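Report on the structure
As a plain string of letters, each chain reads:
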Amino acid sequence: MTRTTDRRDIVVGIDPVKNWRLALAWAADEAHLRGAGLRLMVAVPPQHDPQHVDDTPRHLARRQVGTEALRTALAWARARQPGIKAASSLLDGFPAGVLAGLSREAEMIVLGSRHLSRTEEFLSAGSLVVPVAAKAHCPVVVVGDAEHVTQETPYLVVGVDGSETSRAALAWAFEEADLRRCALRAIAVWQPPVFSLHSGDALFHAERRVLSETTAGWAEKYPDVRLTHEVPIGSPVEMLADAAEHALAVVVGRQGRGGYTGMRVGSVVHGLLHRAHCPVITVPAG
C-alpha cells in the first residue's frame, strides 16, 4: 500500500448562491479518508471600473454574502466530519483564476456542477468547471449529483489509453480505491477507425495489450483492490459514462487541447462532465 506522506489541504469552492452541500459533503468525507485538511473558499471578483461606475456597495454586498456562506458551510462540514481540520478563506479575484492558483499547493480541488449548457459554460462569468479542470495542477473533482452509496459492491471507474496522463489517473484511482476499500474497473475503450490498414481484430487485441501493460504491477502495490479489465467497443464518452452509471466516481487523465482559448480539456473529459452522473475526477500528468 502506497500513501502520499505530504498531506495538503483539499480545497472546495463554495458558491454562495447555489447549493454547495453535495460538493462539500464529498470533500469533507475525502478529507476524513485521507487525513487531509479541508479549506473552504469563496472568491469575490474585483470591482468594475470605479472611474465610471461606483461598484463599491455591490462589491461589499458580495463579500458579505460570501462571508455568511462560508460561516454556514464551515459549520456544516464540521458537523458532518467532526474530526477533520477545516478552515475557510474569502479571497479577492475571479474564482477560476484563484482556484487554479490554489491548485499548486492543494491535494485536490472539489467543485459542484452548475449544469450549464456547453454555450453557457464559456459565456458565464460564474462557470468554474471547465477553466479550473483545464488549468489545475492537482486533481479536480466535479460533483454534480449525489454519490452512489447503495451499490452492493462499490467501485470506481478509470479510463486507460496508455498515455502519460492515463497512467497518472490510474495511480490516483488505485490509491482512491484502496482508501475506499472498493473495486476498480480499468476501461480502455476501443473506437473502431473508419479507415485502417490493419484488421479490426488486430487493433482490438492491441488495445487489450495496452490495458494489460498499463495496469501491470499495480495489484502487488494494492493487493486489497479488486481490479477488472474491460475493453468495450464504441464512443469513449458513452462507454465510460455507462460503466460509471453506479460508480462512486470516474477517473480520467486530463489531456488534449480544446477549441476554446487553448484550454487543455480533452474531448473525453469534457464529454464526461456533461454525461456522467457520478463525480468526475480529472488528473493531470506528473
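Residues numbered from 1 in each chain as written. Predicted model: local features only at pLDDT ≥ 70, side-chain atom pairs only at ≥ 80, totals over all residues. Heavy atoms only, no water.

Focus on the overall build of the protein chain
- Helix and strand content of the protein chain: 10 helices and 10 strands.
- Buried positions account for 47% of the 286 residues belonging to the protein chain.
- Nonlocal contacts in the protein chain, meaning residues at least 24 apart in sequence, comprise 79% of its contacts between residues at least 6 apart.
- Accessible area of the protein chain: about 14,300 Å², with a carbon and sulfur share of 53%. (Helix = DSSP H or I, 4+ residues; strand = E, 2+ residues; numbered from the N terminus. Buried < 20%, exposed > 50% of the residue type's maximum accessible area, 1.4 Å probe, protein only. Contact = heavy atoms within 4.5 Å. Areas by Shrake-Rupley, 256 points an atom, 1.4 Å probe, with all protein chains shown as cover.)

As for the sheet that holds strand S9 (residues 250–253)
- The strand order across the open sheet built from 10 strands is S3-S2-S1-S4-S5-S10-S9-S6-S7-S8, with neighbouring strands paired in mixed fashion. Both outer strands of the open sheet, strand S3 (86–92) and strand S8 (227–230), are each paired with one neighbouring strand and no more. Neighbour to neighbour, the strand axes of the sheet diverge by 20° on average, direction disregarded.
- Of the pairings in the sheet, the one linking strand S5 (residues 140–143) to strand S10 (residues 280–283) comprises 3 bridges and is antiparallel in character. Within S10, the residue paired with Val142 across the bridge is Val280.
- Running at roughly 165° to strand S6 (residues 155–159), helix H9 (residues 236–243) makes contact with S6, strand S7 (183–187) and S9 of the sheet.
- Contacting S5, S9 and S10, helix H10 (residues 267–275) runs over the sheet at an angle of about 155° to S9. (Pairing = 2+ DSSP bridges. Axes fitted to C-alpha atoms, helices over the stretch in contact; angles between N-to-C directions.)

A word on the packing of aromatic side chains
- Enumeration over the complete set of coordinates arrives at 4 aromatic pairs.
- Plain terms: the ring middles of Phe174 and Trp218 are 5.3 Å apart, the flat faces sit at 10° to each other, and that makes the pair stacked. Residue Phe174 is located in helix H6 (residues 164–180), and its partner Trp218 is located in helix H8 (residues 218–221); the two are separated by 44 residues in the primary sequence.
- Here Phe174 falls in the buried class, since its relative accessible area comes to 0%.
- Each ring, one from Trp218 and one from Tyr222, has its centre 6.1 Å from the other, and the planes form 20°; the classification is stacked.
- A relative accessible area of 3% places Tyr222 in the buried class. (Phe/Tyr/Trp six-rings, centres within 6.5 Å; stacked < 30°, edge-to-face > 60°.)

Quick notes on the nonpolar core
- Ranked by internal contacts, the top residues of the largest apolar core, which has 51 residues, are Ile14, Leu38 and Val110.
- Beyond its immediate stretch of four places on either side in the chain, Ile14 contacts Trp20, Leu24, Leu40, Met41, Val42, Ala69, Leu70 and Ala73.
- With 35 residues, the next largest nonpolar core counts Leu111, Ala136, Val140 and Val157 among its residues. (Core = buried A, V, L, I, M, F, W, Y, C linked by side-chain atoms within 4.5 Å.)

Details of the packing of helix H1 (residues 21–34) against H6
- Across the interface, H1 lies against H6 with an axial gap of 10 Å and an inter-helix angle of 85°. It follows that H1 is roughly perpendicular to H6 by the angle criterion. The residues of H6 that touch H1, namely those facing Trp26, Glu30, Leu33 and Arg34, are Trp172, Glu175, Glu176, Leu179 and Arg180.
- Within the contact of H1 with H6, the residues separate by chemical class into 4 nonpolar, no polar and 5 charged. (Parallel < 35°, antiparallel > 145°, perpendicular 65-115°, else oblique. Nonpolar A, V, L, I, M, F, W, Y, C, P; charged D, E, K, R; others polar.)

What to know about the environment of Asp242
- Among the secondary structure elements, Asp242 is positioned in helix H9.
- Sequence separation of Asp242 and Arg275 is 33 residues, and the distance between their C-alpha atoms is 9.1 Å.
- Polar contacts involving the side chain of Asp242 include one to the side chain of Arg275, which spans 2.7 Å. (Polar contact = N/O pair within 3.5 Å; in protein donor to acceptor, adjacent residues only side chain to side chain.)

Coordinates in, geometry out; function isn't part of it.
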